[in-house]
Amino acid sequence: MAAVKSLLTGNPAIAAEEPGTEAGLALRAFHYMTLMREVEDRIERKLYRQGKILGGVYVGRGQEAICIGAGLAVEPEDVLFPSHRDLGLYFIRGIHPRQVFAQYMGRVGGITRGKDGNMHMGDLSLHIVAIISAMAASVPVAAGAAMALRYKGSRNVALCFFGDGATSRGDWHEGLNLAAVQKAPVVYICNNNQYAYSTPLSKQMRCENVADRAPGYGIPGHIVDGNDVLAVNATVKRAIEHARAGLGPSLIECKSFRMTGHSAHDAASYVPEHLWAEWAQKDPILRLRSRILAEGWAEEQDLDRITGQIRSEVEEAVEWAENSPYPDPSEVLNNVYEQSIEGK
Amino acid sequence: MATTYLEAIREGIWEEMERDPNVFVIGEDIGIYGGAFKITAGMLDHFGEKRIVDTPISESAIVGAAIGAGMMGLRPVAEMQFADFITCGFDQIVNFAAKCRYRWGASVPIVVRAPSGGGIHGGPFHSQNPEAWFVHTPGLKVITPSTAYDAKGLVKSAIRDNDPVIFFEHKALYRRVKEELPQEDYTVPIGKARVFREGSDLSIITYGAMVYVAEEAATELEKEGISLEIVDLRTLLPIDEGTVLESVKKTSRVILLHEDTLTGGIGGEIAARIGEKAFEYLDAPVMRIAAPDTPVPYSPPLEEAFLPNPQKVLEKARQLLGY
Ligand SMILES: Cc1ncc(C[n+]2csc(CCOP(=O)(O)OP(=O)(O)O)c2C)c(N)n1
Ligand SMILES: [Mg+2]
C-alpha cells in the first residue's frame, strides 16, 4: 500500500484519520472517487473534444463508488480484473494520473507505451490484468487466476468486474460455472448501469436482477446500491471473506447508472430524459460528501481542499502526458514474443 | 447524388428486405440506435421489430440463431459490431455454418457482416482484418468490397446466396468512399475480381482499403511514365484466379498487397497460385506487402508504421521494376 500512502500523505484531512475506521475509509473513497471523476472528465469532456485523444473513450461517470468501494476492500496482492469503467482501481494500486493521460494519448509514458489505448491496460506487478475488448472475456481468466492462487497456497483472491451486458456472453456463463464448480476464490462484480451501449437491461435479460443468475450456478448473489461506496465496500469485503474461507465465488450486482454516453462519441439520445435527472440526484460523490459532513468525519473546507489538490494534480498530469513523446515507429515490432523471432 | 460506401450497404440490405420478406437483420444495438456505424439506421421504424432483431451481447447466439433461421427458410443478415468480435461467434461460423452442406446437404443462407480494418485509431481490438481465418474455412464465402458500387451489389448477392457468406466492410471506407449508383436493382457477382485500374508494367493484387493505397502509388508512378495495374479481388473465397493470372501474364511483375498481417495472409496463397500457374510469365519475384506480424497498435505513429501505405508500395514497385 506504499503507493496509496504516498498519495494520501500530502492530504492532512485524510492523513489524520485512523486507517481501518469508517471515517478513514470514507475519506479515502472520497479522494479516489473525486480523482477518478476529475481525470475522466478531463479525458472525455476536454482532451477528447480537443482532438488530443483519438479513438475510444469509456468512462465510469456516476459509477465511481463501485470500483472504489471494491478496490478499498482488497489487499494489495489480490488480483484485479477491471472493466472499461473501473479507472479508480488503477489509482488505488498506485498508478499515477500522468500514466493514464499518456495512455489515452498514445504516448510512451502510458502504461502500454502506446501499444493499446484507453482502459486497455494492466500491470502484473500491481496485480492488475488488462481487459481485452470482447465483453466478459476476463470472467474465465479470473476463475483460472483464482484457482492458481489457491493452488499456490496464497490467501489472495481475484476480483473480476464487468457490466450488465457482458453477462449475456457465453464466456461469462462458462467462467462463472467453472469458478463455481471449482469453488475458486474469486468475486464477480457487475456494474449494472442499466445500459449496454444503447441496449437497455430489458433487452439484455429476462431476469430482473443480474444477481438472480447466481443461484443458477449455485453461488451466492448479492445486490447492493452501487452509488453507495460504503455499502459496496462492505458487501465486497464479505464476499472476499467468503472466498478466502474457501467457500467459493460470489456474484455482486451493483445497481447504478451510466451518467454519460456509452463512449465519448455517443450522445445517448436513446436514454429517456427523466433518468438523467433522477440519477443525477443519486450521484455517488455528492452522496458520500453529504454523508461525511453529516457524520462529522470532515469539514466542508477539508473536502474542498482535497478536490482542489486533485485538480492541480490533474493539471500537472495532463501537462506531463502531453510532454511525453510518442513511441518511435520502430517499436511496432517489439514484444510480440519474449524473444524476437525476427528473421527466423 | 453520390452514395457513400456505408449508405450503399444500407441501401443494399434495405432493398433486399423490400424485395424478399424472408430477409431480416439480427445484431447488437441495430434497432433504435441503428447500429454502431448506422448501417441499420431507420430500419426499425420501417420494418419493425420482427425483422430488425436487437440482441444481447451474444455473438455466438447471433450467428447460431441466424443459422437456425436460415435453415428454416429465412435469409438472416447478422451484424457483428466490429469484425474483431467475430471471434466470439467463431465456432458457429466455421464449424456449424460452414460444414452443413458438405455433411448433410443443408443450405445455410446467412450473411455475417463484419466492420473490419484499421486507420481509425481503434487499437488492437477495433482494427483487425480477420479475413484469412475464414478464407481457410471451406464452405464459407468471403467478401471484401472496396467501392460503394461493389458494396451494394455484393451485399445483395450475399443475401441471395444459399451459402454462408462473411461480408467484411472496411470501416475506413464507410464515409470516405462514394460514387453515383444506378437507380435500378443490380448485383455484383460473388467470386469475380475486377481490374480497378488498367496498366501494363506491374500488377498490384489487392482488396478493401488497400485498393486506394495502390491507387495513390499508381498516380505517383504514372508521373514517371510507369503504368500500374490494380486488381481488386472483391471476393477472397472463392478466389478469382483467372483475373489474377490474366493480369500477371500481361504485366509480368506482381505485388500482393493486403492490410492483414503477412504470415498466413491471403497474399501467400495467391503467390503460390501464380507460381504454379504463371511462373513462365514472371520477370521478377512475386512480392508481398502487408502489415507486420504484430497486433494492431493504438498510438498513431505505431499504427502508421503498421499499416501498408503508398510509400511502401512505391518502394517495392521500384525494386520490382529494376529486375
Ligand atoms: C463481444 C463483444 N461484443 C460487442 C462489443 C461492443 N461493445 C463494447 S462495450 C458494449 C456494451 C457493454 O455493456 P455492459 O457490459 O453493460 O458494460 P457498460 O459499458 O455498460 O459498462 C458493447 C456492445 C464488445 N466490446 N464485445
Ligand atoms: Mg452496462
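A. Quick look at the overall build of chain A. Counting secondary structure elements, chain A contains 14 helices and 7 strands. Relative to the globule expectation of 20 Å for 344 residues, the C-alpha radius of gyration of chain A, 20 Å, shows essentially globular dimensions. Buried positions account for 56% of the 344 residues belonging to chain A. Of all intrachain contacts in chain A linking residues separated by at least 6 positions in sequence, the fraction that spans at least 24 positions is 74%. Working note: accessible area of chain A is about 14,100 Å², and carbon and sulfur atoms make up 51% of it.

B. Region of the structure containing the environment of D164 of chain A. All names here are of chain A. One can find D164 in the loop between strand 2 (158-163) and helix 8 (170-182). The class of D164 is buried, set by a relative accessible area of 1%. Once the C-alpha coordinates of D164 and P200 are considered, the two residues, 36 residues apart in sequence, prove to be 9.5 Å apart. When sequence neighbours within four positions are dropped, the list of residues in contact with D164 reads C190, N191, N192, N193, Q194, Y195, A196, L201, Q204, M205 and V210.

C. Fine view of unusual backbone geometry. Following L237 of chain B, the chain continues to P238 of chain B via a peptide bond in cis, the omega torsion being 0°. Even without being glycine, Q194 of chain A reaches a positive phi, approximately 75°. Relative to the helices and strands, Q194 of chain A resides in the loop between strand 3 (186-192) and strand 4 (195-196). Given the relative accessible area of 25%, Q194 of chain A is considered partly exposed. Phi at K38 of chain B is positive, roughly 75°, even though this residue is not glycine. For K38 of chain B, the position within the fold is in the loop between strand 2 (23-27) and helix 2 (43-47).

D. Molecular detail of the site of ligand 1. Of all residues adjacent to ligand 1, which total 22 residues, the nearest are H84, R85, G165 and Y195 of chain A together with E59 of chain B. Each of chains A and B places residues next to ligand 1. Between an oxygen atom of ligand 1 and a main-chain N or O atom of G165 of chain A, the distance comes to 2.8 Å. Between an oxygen atom of ligand 1 and a main-chain N or O atom of A166 of chain A, the distance comes to 2.8 Å. Within the complex, 98% of the 580 Å² of free accessible area of ligand 1 lies under protein.

E. Up close: the packing of aromatic side chains. Under the definition given, this model contains 20 aromatic pairs over all chains. Taken together, a centroid distance of 5.7 Å and an interplanar angle of 50° make the contact between Y195 of chain A and Y270 of chain A tilted. Of this pair, Y195 of chain A sits in strand 4 while Y270 of chain A sits in the loop between strand 7 (250-255) and helix 12 (273-281), and the two are 75 residues apart along the sequence. Residues F196 of chain B and Y212 of chain B carry aromatic rings whose centres are separated by 5.9 Å and whose planes lie at 85° to one another, so their mutual orientation is edge-to-face.

F. Layout of the interface of chain B and chain A. In this complex, chain B contributes 31 residues to the contact, which on the side of chain A involves 39 residues. Of all residues in chain B, Y33, I57 and Y298 of chain B give up the largest surface area on contact with chain A, accounting jointly for 26% of the area buried on that side. On the surface where chain B and chain A come into contact, there are 2 salt bridges. Connecting chain B to chain A are 13 residue pairs in polar contact (both at pLDDT 80 or more). With 5 residues, the top contributor of residues to the side of chain B that touches chain A is helix 11 (residues 300-306) of chain B. Grouping the constituent residues of the side of chain B that touches chain A by class yields 19 nonpolar, 7 polar and 5 charged.

G. Region of interest: the domain arrangement of chain B. Residues and elements named next belong to chain B. Annotation of chain B at the domain level lists domain 1 (3-179) and domain 2 (194-321). A C-alpha centroid distance of 26 Å is found between domain 1 and domain 2. Contact residues are listed per partner, giving 28 residues for domain 1 and 24 residues for domain 2. Carbon and sulfur atoms supply 57% of the area that domain 1 and domain 2 bury against each other, a total of about 2,000 Å² over both sides. One salt bridge in this structure joins R194 and D150, with 3.9 Å as the shortest N-O distance. Inspection of the domain 1/domain 2 interface yields 12 residue pairs in polar contact (both at pLDDT 80 or more).

H. Here's a closer look at the packing of helix 3 (residues 22-47) of chain A against helix 6 (residues 97-104) of chain A. Residue and element names in this part refer to chain A. Put simply, helix 3 and helix 6 touch, their axes get as near as 11 Å, and they point 25° apart. As the angle between them shows, helix 3 and helix 6 are arranged roughly parallel. Note on packing geometry: the crossing formed by helix 3 with helix 6 is right-handed. Counting all contacts with helix 3, which are made through L35, V39, R42, I43 and L47, the residues of helix 6 involved are P97, V100, F101 and Y104.

I. Structural detail: the coordination of the magnesium ion (ligand 2). Residues and elements named next belong to chain A. Protein ligation of the magnesium ion (ligand 2) involves D164 (OD), N193 (OD1) and Y195 (O), the donor distances falling in the range 2.0 to 2.2 Å. The sequence motif formed by the donor residues of the magnesium ion (ligand 2) is D-x28-N-x1-Y. Accessibility assignment for this pair places N193 and Y195 in one class, buried.

J. Representation of the sheet that holds strand 9 (residues 194-197) of chain B in the model. Residues and elements named next belong to chain B. If you trace the 5 strands from one edge of the open sheet to the other, you get 9-11-10-13-14, paired in mixed fashion. The open sheet has two edge strands with one neighbour each: strand 9 and strand 14 (287-291). Recorded for the sheet is a direction-independent mean angle of 25° between the axes of neighbouring strands. Here 5 bridges tie strand 10 (residues 202-206) to strand 11 (residues 228-232), and the two strands are oriented parallel to one another. In the sheet register, L202 faces strand 11, and the bridge partner there is L228.

K. Geometry of the side chain of N209 of chain A. Here N209 of chain A shows up in the loop between helix 9 (201-204) and helix 10 (214-217). Not counting residues within four places of it along the chain, the set of residues in contact with N209 of chain A comprises I223, E253 and K255 of chain A.

L. Seen up close, helix 11 (residues 229-244) of chain A. Between its first and last C-alpha, helix 11 of chain A extends 22 Å over 16 residues, near the 22 Å set by a 1.5 Å rise per residue. In the segment just after helix 11 of chain A, G246 of chain A is the residue with positive phi, at about 85°.

Definitions and cut-offs
Residues numbered from 1 in each chain as written. Chains lettered and ligands numbered in written order. Predicted model: local features only at pLDDT ≥ 70, side-chain atom pairs only at ≥ 80, totals over all residues. Heavy atoms only, no water. Helix = DSSP H or I, 4+ residues; strand = E, 2+ residues; numbered from the N terminus. Rg over C-alpha atoms; globule rule 2.2 N^0.38 Å. Buried < 20%, exposed > 50% of the residue type's maximum accessible area, 1.4 Å probe, protein only. Contact = heavy atoms within 4.5 Å. Areas by Shrake-Rupley, 256 points an atom, 1.4 Å probe, with all protein chains shown as cover. Near = heavy atom within 4 Å. Polar contact = N/O pair within 3.5 Å; in protein donor to acceptor, adjacent residues only side chain to side chain. Phe/Tyr/Trp six-rings, centres within 6.5 Å; stacked < 30°, edge-to-face > 60°. Buried area = accessible area lost by both parts, 1.4 Å probe. Salt bridge = Lys/Arg side-chain N within 4 Å of Asp/Glu carboxyl O. Nonpolar A, V, L, I, M, F, W, Y, C, P; charged D, E, K, R; others polar. Domains from an automatic or database assignment. Axes fitted to C-alpha atoms, helices over the stretch in contact; angles between N-to-C directions. Parallel < 35°, antiparallel > 145°, perpendicular 65-115°, else oblique. Left-handed = near helix turned anticlockwise from the far one by under 90°. Donors = N, O, S within 2.8 Å, 3.2 Å for Na, K, Ca; no water. Pairing = 2+ DSSP bridges. Expected span 1.5 Å × (residues − 1).

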